Amino acid sequence: MAKAILQLGELTCPSCLTKIQKGVENQDGVSNIKVLFNAGKVRADFDEDTTSADKISDVIKDLGYEVKKVKVKETK
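My aim in this report is to walk through the structure given alongside it, one point at a time.

The rules we used
- Residues numbered from 1 in each chain as written.
- Predicted model: local features only at pLDDT ≥ 70, side-chain atom pairs only at ≥ 80, totals over all residues.
- Heavy atoms only, no water.
- Helix = DSSP H or I, 4+ residues; strand = E, 2+ residues; numbered from the N terminus.
- Rg over C-alpha atoms; globule rule 2.2 N^0.38 Å.
- Contact = heavy atoms within 4.5 Å.
- Areas by Shrake-Rupley, 256 points an atom, 1.4 Å probe, with all protein chains shown as cover.
- Lys, Arg positive; Asp, Glu negative; His and termini not counted.
- Charge placed at Lys NZ, Arg CZ, Asp CG, Glu CD.
- Expected span 1.5 Å × (residues − 1).
- Buried < 20%, exposed > 50% of the residue type's maximum accessible area, 1.4 Å probe, protein only.
- Arc of directions from axis to C-beta.
- Pairing = 2+ DSSP bridges.
- Axes fitted to C-alpha atoms, helices over the stretch in contact; angles between N-to-C directions.

Remarks on the overall build of the protein chain
- Within the protein chain, the regular secondary structure consists of two helices and four strands.
- Traced from its N-terminal end to its C-terminal end, the protein chain shows the element sequence β-α-β-β-α-β.
- In terms of overall dimensions, the protein chain is globule-like: its C-alpha atoms have a radius of gyration of 11 Å, near the 11 Å expected for 76 residues.
- For the protein chain, the C-alpha atoms occupy an extent of roughly 35 × 20 × 15 Å along the three principal directions.
- Taking the intrachain contacts of the protein chain between residues at least 6 apart in sequence as the baseline, contacts between residues at least 24 apart amount to 64%.
- When the accessible surface of the protein chain is summed, it comes to about 4,700 Å², and 44% of that surface belongs to carbon and sulfur atoms.
- Taken as two groups, the 13 positive and 12 negative side-chain charges of the protein chain have centres that lie 8 Å from each other.

Here it is in structure tokens:
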């Protein structure tokens with residue numbers, strides 16, 4: 001497992017949070033999703049055998065949001 005931390009562009013309303021959360025949680029291999037509205041970040045654990053941080057980023061971009069930075073941390 002690994003943790004993806006994605007820095008987003010501006011989130012303008014709470015419905016943005018819900019839209020991103022639902023989109024990311026529908027991705028196979030993703031769990032523990034947190035969208036931090038005020039910080040403009042998404043944190044999610046993911047199974048590296050199933051998906052990647054880049055795929056999570058693509059889902060968010062496909063929803064119409066900007067992803068400025070992607071960081072991956074290995075977890076045990």
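Considerations on the environment of Leu11
- On the secondary structure map, Leu11 appears in the loop between strand E1 (2-8) and helix H1 (14-25).
- Taking C-alpha positions, Leu11 is 17 Å from Ile56, a pair spaced 45 residues apart along the chain.
- If sequence neighbours within four positions are ignored, Leu11 has contacts with Cys16, Ile20, Val35, Phe37, Gly40 and Tyr65.

A short note on H1
- Taking 1.5 Å as the rise per residue, H1 with 12 residues should run 16 Å; its terminal C-alpha atoms sit 17 Å apart, in good agreement.
- Turning to H1, the residues buried within the fold contact E1, strand E2 (30-36), strand E3 (41-46) and helix H2 (53-62).

Some points on H2
- Of the residues making up H2, those classed as buried are Ala53, Ile56, Ser57, Val59 and Ile60. Down the axis of H2, the smallest arc covering the buried residues is 155 degrees, so these residues share one side. Those residues of H2 that are exposed and angled more than 90 degrees off the buried face are Asp54 and Asp62.
- Against E1, H1, E2, E3 and strand E4 (67-74) lie the buried residues of H2.
- In the segment just after H2, Gly64 is the residue with positive phi, at about 100 degrees.

Focus: the sheet that holds E1
- Spatially, E2-E3-E1-E4 is the arrangement adopted by the four strands of the open sheet, whose pairing is antiparallel. Only two strands of the sheet have a single neighbouring strand rather than two, namely E2 and E4. Pairwise comparison of adjacent strand axes, ignoring direction, gives a mean angle of 15 degrees for this sheet.
- Pairing between E1 and E4: seven bridges, direction antiparallel. Bridged to Gln7 within E4 is Lys69.

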